[in-house]
Structures are given as C-alpha cells and as structure tokens.
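Take a look at the letters that make up each chain.
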Amino acid sequence: MTKEITITLNGEKQSLEVEPRLLLVHLIRENLNQTGTHIGCDTSSCGACTILVDGKSIKSCTMLAIQADGKEIITVEGLATTEGLHPIQEGFKENHGLHCGFCTPGMMMRAVELLENNPNPTEEEIRWGISGNLCRCTGYNNIVKAIQYAGAKIRGDELPSTEPEFV
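Below, the structure is looked at part by part. Fair warning: this is a prediction, and the values are worked out from it, not measured in the lab.

## Quick notes on the pairing of strand β1 (residues 3–9)
Inference 1: The pairing of β1 with strand β2 (residues 12–18) spans seven bridges and is antiparallel. Directly across from Ile7, in β2, lies its bridge partner Gln14.
Inference 2: What sits between the antiparallel neighbours β1 and β2 is a turn of two residues, in which Asn10 has the positive phi angle 50 degrees.
Inference 3: As paired strands, β1 and strand β5 (residues 72–74) are joined by two bridges and run parallel to one another. Within β5, the position partnered with Leu9 by the bridge is Ile73.

Structure (structure tokens):
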C-alpha cells in the first residue's frame, strides 16, 4: 500500500508514491537520487542527514516521507545557484571545513538555519548551534570559522581571515 505525496525538493515540485514507513532520507537518496544527504547513524545522533524542511533543519533519518507531504525540502544540492556557491559552501571551501566530508552536508544545512535565525552568532553560539551534528574528524575549529565566514559574507561585512590556525 502506497500513499501519494507532493514535495518541493530544491525548488522542483514532485509527486511521488511512497510506502508509509519509508524514511525521508531514503526517499531523497534512493528514489530522488540526491545523494548529498548522508546516512550516518539512523538514530538522529550524528546529523549527517540534516536537511531543511520548510526552512527548519531536521534529521531526515527520523522523519517519514509521508510527513513531508506538502513541504519544501532543501538539501545540500539545493544551496548553490547559477550565480555560484552559497556563502556556507564558500565558507567551508575557504576555511578547509571539509575534512573527510562525511558530515559536511549536514553541517552546512544546520549552519544555514543557524545563520538565518542569527546572522551574527558568537563562536559559542555556533558551537552550541551545531552541537547536534558530529564531525568524526573533530575538525570543529575550521567548521566554526567556515560558519563565521558565511555569516560575514551574508551580512556584507569584511570577510575574516582564512589563514589556518595552529592550536
């Protein structure tokens, strides 16, 4: 038994037949071939599957696809435009916030919501804001710098240095 749902994924409206127990992360990755959203833990502990649903970051491994009916979903593939990278993508690139890259899409999506709600967060607010997303490489210093860079870019402020810090 399937149910028809309609979602808008990265600006494209789609109607789909889904099984009632299908997780949203599986719909996105396997049915819609948007593989930038990663599956890390399947228990909402790591945040690798973080996406935006109606502008709010959620862990898509804990949301059923049918719960997304009528919602607007943005994944990491939806951040860049024809004009270039989203400021958060540019921040991660310029500040070497990528490391192995597994957590990066989820970190970026969480950071997009964080900056939407607080365009000028302190380092502590950033660390608290991304605390539900884990970086197995423990590259948090560069991730925080990437988010600060993106915030400055969005605000139109002078961009912070991208020189590496040695701790």
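Once you've had a look at it, read on.
## Focus: the environment of Ala146
Inference 1: If you trace the backbone, Ala146 turns up in helix α5 (residues 140–155).
Inference 2: According to the relative accessible area criterion, Ala146 is buried, its value standing at 0%.
Inference 3: Sequence spacing of Ala146 and Gly97 is 49 residues, and the spatial spacing of their C-alpha atoms is 6.2 Å.

About the cut-offs
Residue positions within a chain follow its written sequence, with the count starting from 1. Where totals are concerned, whole chains, interfaces and linings use all residues; where local detail is concerned, this predicted model gives features only for residues with pLDDT of at least 70, and gives and counts side-chain atom pairs only at 80 or more. Side-chain numbers come from the whole structure's heavy atoms, not from hydrogens or water. At least two DSSP bridges between two strands are required for those strands to pair. Numbering goes from the N terminus for both helices and strands, where a helix is a DSSP run of H or I of at least four residues and a strand is a run of E of at least two. Buried residues are those whose accessible area, probed at 1.4 Å on protein chains only, stays under 20% of the maximum for their type, while exposed residues exceed 50% and partly exposed ones sit between those limits.

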